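# Inside the fold
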Amino acid sequence: MHVLVTGGAGYIGSHTVVTLIGAGHRVTVVDDLSNSSEESLRRVGELTGQPVAFHRLDVRDRRGLDEMFARAASSGHPVEAVIHFAGLKAVGESVVEPVRYYDVNVGSAVVLLAAMHDAGVRRIVFSSSATVYGDPVCVPIPEDAVVQPANPYGRTKAVIEGLLRDVAASGTGWQVSLLRYFNPVGAHPSGRIGEDPTGTPNNLLPFVAQVAVGRRREVAIFGDDYDTPDGTGVRDYIHVVDLALGHVAALDRPPAPGTPLVVNLGTGTGASVLEVIRTFSEVAGVPVPYRIAPRRPGDVAACYADVSVATEVLGWKAQRSLADACADTWRWQRSNPNGYR
Ligand code: NAD
Ligand code: UD1
């Protein structure tokens, strides 16, 4: 299948492109490189043995998208499905710049859907997030849990999910899959591609990796007084290669037109901050100093997925462990201490 991957130069996108090509799909990437570099795609080409078809484009650029769809069609390989990763994802930034977040995230989705409509492409897989559940009423979280995002970033995801539900219900043949990711971590086992955050990482694992490699002094653990087994926050860390495989499964098993398929992509198991630090330190064989700091505003005690829909409907299950993710992150971090730069 010819798959258009928006945001394909980014962290999850680049791993998904490798997996798609490995599964025999033809891939075209569009990305404006606002949070990535073309070097990731060059390395994807190296890993897959073929250069990646790439258009540097803002997804809000309607004319650019139209030209891309038209070129694919006239080459005899029309785009048949889209995986839509492109967007902004920093929670804190979204609180300070909500309008930019709605503009980029919701604006991209609107323009992309209009261009897909006119190009006759009716299949989309969308990157949503467990953040739409906000402070979850129960764990593990099932897909029918209430959607109540607690920040602008999460609300943009909820708005796009709503838009895609309406599109699916329009009676015009759309097949929509909404994938809600839990906490993506890890890197390709080659160590050639991985997560490359700019500035201070917001997320735990990249921060731990930078402490382990000596770029930062210690990890601040945001709170040790949560109602969890060791008092630190519990999350569902899913290896990015498993996540990539989840996208291939979603493409292979689209829902019938009418109602979107909503699927949690997680492992179904939570790990605490202390467990993550301990596992990383053991796998890397280096100490990871830490201190206990105050809670981070907006954090919840525990968040992990009910993965029964993914197993039953997609036939997909995460295979890689937290230790695998730490080992792969460590390999990526050590061989690329400054990321792609
Ligand atoms: P990323 O920033 O590495 O990748 C996003 C890519 O989109 C980047 O390459 C960026 O340059 C590109 N992009 C941004 N705006 C664009 C635009 N207007 N036009 C074209 N390209 C644009 O992020 P990621 O971690 O790979 O996340 C991918 C998707 O998954 C995002 O939609 C994110 O919200 C979602 N998600 C991520 C996580 C996570 O923890 N990483 C969790 C849940 C959901
Ligand atoms: C964050 C986002 C969420 C997003 C998810 C995956 C917030 C409030 N939420 O969630 O919307 O979907 O990332 O990208 O930002 N921690 C530390 N010290 C650190 C960093 C993190 O103790 O330096 C702790 C956190 O308190 C949490 C756990 O580690 O308990 C994981 O944090 P993080 O990686 O930021 O993910 P989430 O909090 O799940």
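Anyway, here's the lowdown on the structure attached to this text. (Residues numbered from 1 in each chain as written. Chains lettered and ligands numbered in written order. Predicted model: local features only at pLDDT ≥ 70, side-chain atom pairs only at ≥ 80, totals over all residues. Heavy atoms only, no water.)

## A few points about the site of ligand 1
Looking at ligand 1, there are 28 residues lining it, with Asp31, Asn35, Ser36, Lys89 and Tyr153 nearest. Within the backbone of Asp32, an N or O atom sits 3.1 Å from a nitrogen atom of ligand 1. At a separation of 2.7 Å, an oxygen atom of ligand 1 approaches a polar side-chain atom of Ser36. Computed on the free molecule, ligand 1 has an accessible area of 820 Å², of which 95% lies beneath the protein chains in the complex. No other element matches strand β5 (residues 123-129), which puts three residues into the shell around ligand 1. Class assignment of the residues belonging to the shell around ligand 1 gives a composition of 13 nonpolar, ten polar and five charged. (Near = heavy atom within 4 Å. Polar contact = N/O pair within 3.5 Å; in protein donor to acceptor, adjacent residues only side chain to side chain. Areas by Shrake-Rupley, 256 points an atom, 1.4 Å probe, with all protein chains shown as cover. Helix = DSSP H or I, 4+ residues; strand = E, 2+ residues; numbered from the N terminus. Nonpolar A, V, L, I, M, F, W, Y, C, P; charged D, E, K, R; others polar.)

## Digging into the packing of helix α7 (residues 204-212) against helix α9 (residues 273-284)
For any two helices packed against each other, the geometry is given by the interaxial angle and the distance between the axes. Between α7 and α9, whose axes approach to 11 Å, the crossing angle comes to 40 degrees. As judged from the angle between their axes, α7 and α9 are oblique. Handedness of the crossing formed by α7 with α9: right-handed. Residues Leu204, Leu205, Val208, Ala209 and Ala212 of α7 lie in contact with α9, whose contacting residues are Val273, Val276, Ile277 and Phe280. Residue composition of the contact of α7 with α9, grouped by class: nine nonpolar, no polar and no charged. (Axes fitted to C-alpha atoms, helices over the stretch in contact; angles between N-to-C directions. Parallel < 35°, antiparallel > 145°, perpendicular 65-115°, else oblique. Left-handed = near helix turned anticlockwise from the far one by under 90°. Contact = heavy atoms within 4.5 Å.)

## A word on the environment of Leu179
Tracing the backbone through its elements, the reader meets Leu179 in strand β6 (residues 175-181). Taking C-alpha positions, Leu179 is 6.0 Å from Phe126, a pair spaced 53 residues apart along the chain. Ignoring any residue separated from it by four or fewer positions in sequence, one finds Leu179 in contact with Val125, Phe126, Ser127, Ser128, Ser129, His247, Ala250, Val263 and Leu265.

## Brief notes about the sheet that holds strand β2 (residues 26-31)
Think of a sheet as strands paired side by side through backbone hydrogen bonds, with each pair either parallel or antiparallel. Read across the open sheet, the seven strands follow the order β3-β2-β1-β4-β5-β6-β11; overall the sheet is parallel. Each having just a single partner strand, β3 (53-56) and β11 (261-265) make up the two edges of the open sheet. Adjacent strand axes in the sheet meet at a mean angle of 20 degrees, parallel and antiparallel pairs treated alike. Alignment of strand β1 (residues 2-6) against β2, held across five bridges, turns out to be parallel. Bridge pairing links Val5 to Val29 in β2. Against the sheet, helix α6 (residues 152-168) makes contact with β5, β6 and β11, and its axis sits at roughly 155 degrees relative to β5, the strand it touches most. (Pairing = 2+ DSSP bridges.)

## Quick word on the site of ligand 2
Ligand 2 sits among 16 residues. The nearest are Ala220, Phe222, Arg235, Arg296 and Asp299. Between an oxygen atom of ligand 2 and a side-chain N or O atom of Arg235, the distance comes to 2.6 Å. Coverage of ligand 2 by the protein amounts to 86% of the 740 Å² it exposes when considered alone. Take the shell around ligand 2: its biggest share by element is three residues, from strand β8 (residues 219-222). Looking at the shell around ligand 2 residue by residue, the class counts come to seven nonpolar, six polar and three charged.

## Some words on the packing of helix α3 (residues 62-74) against helix α5 (residues 98-119)
Where α3 meets α5, the closest approach of the two axes is 10 Å, and the angle between their N-to-C directions is 35 degrees. Judged by the twist between their axes, the crossing of α3 over α5 is right-handed. Only Val111, Leu112, Ala114, Ala115, Met116, Asp118 and Ala119 of α5 make contact with α3, whose side of the interface consists of Arg62, Leu65, Asp66 and Phe69. Considering only residue class, the contact of α3 with α5 consists of eight nonpolar, no polar and three charged.

## Quick look at the state of the cysteines
Note on terminology: a disulfide is the covalent bond linking the sulfur atoms of two cysteines. For the structure on display, the rule yields zero disulfides. Cysteine Cys303 is unpaired, with the sulfur of Cys138 as its nearest cysteine sulfur at 11 Å. For Cys303, a relative accessible area of 8% puts it in the buried group. (Disulfide = S-S within 2.5 Å. Buried < 20%, exposed > 50% of the residue type's maximum accessible area, 1.4 Å probe, protein only.)

## Overview of α3
The end-to-end C-alpha distance of α3 is 18 Å, a good match for the 18 Å that 13 residues give at a rise of 1.5 Å each. Every buried residue of α3 is listed here: Gly64, Leu65, Met68, Phe69 and Ala72. The arc that holds every buried residue of α3, seen down its axis, measures 130 degrees, which confines them to one face. Away from its buried face by more than 90 degrees, α3 exposes Arg63 and Ser74. Residues of α3 that are buried in the fold lie against β1, β2, β3, β4 (81-84) and α5. (Expected span 1.5 Å × (residues − 1). Arc of directions from axis to C-beta.)

## Notes on the packing of aromatic side chains
Across all of its chains, the model carries three aromatic pairs by this definition. Ring centres of Tyr133 and Phe182 lie 6.3 Å apart, and the angle between their planes is 35 degrees; this geometry places the pair in the tilted category. Highlighted residues: Tyr133 in the loop between β5 and α6 and Phe182 in the loop between β6 and β7 (183-185), separated in sequence by 49 residues. For Tyr133, a relative accessible area of 1% translates into the label buried. On the accessibility criterion, Phe182 (5% relative accessible area) is buried. Summarising the aromatic geometry, the rings of Phe280 and Trp330 are spaced 5.9 Å apart at their centres and angled 85 degrees between planes, so their arrangement reads as edge-to-face. One end of the pair, Phe280, is in helix α9; the other, Trp330, is in helix α11 (residues 322-335), and 50 residues separate them in sequence. (Phe/Tyr/Trp six-rings, centres within 6.5 Å; stacked < 30°, edge-to-face > 60°.)

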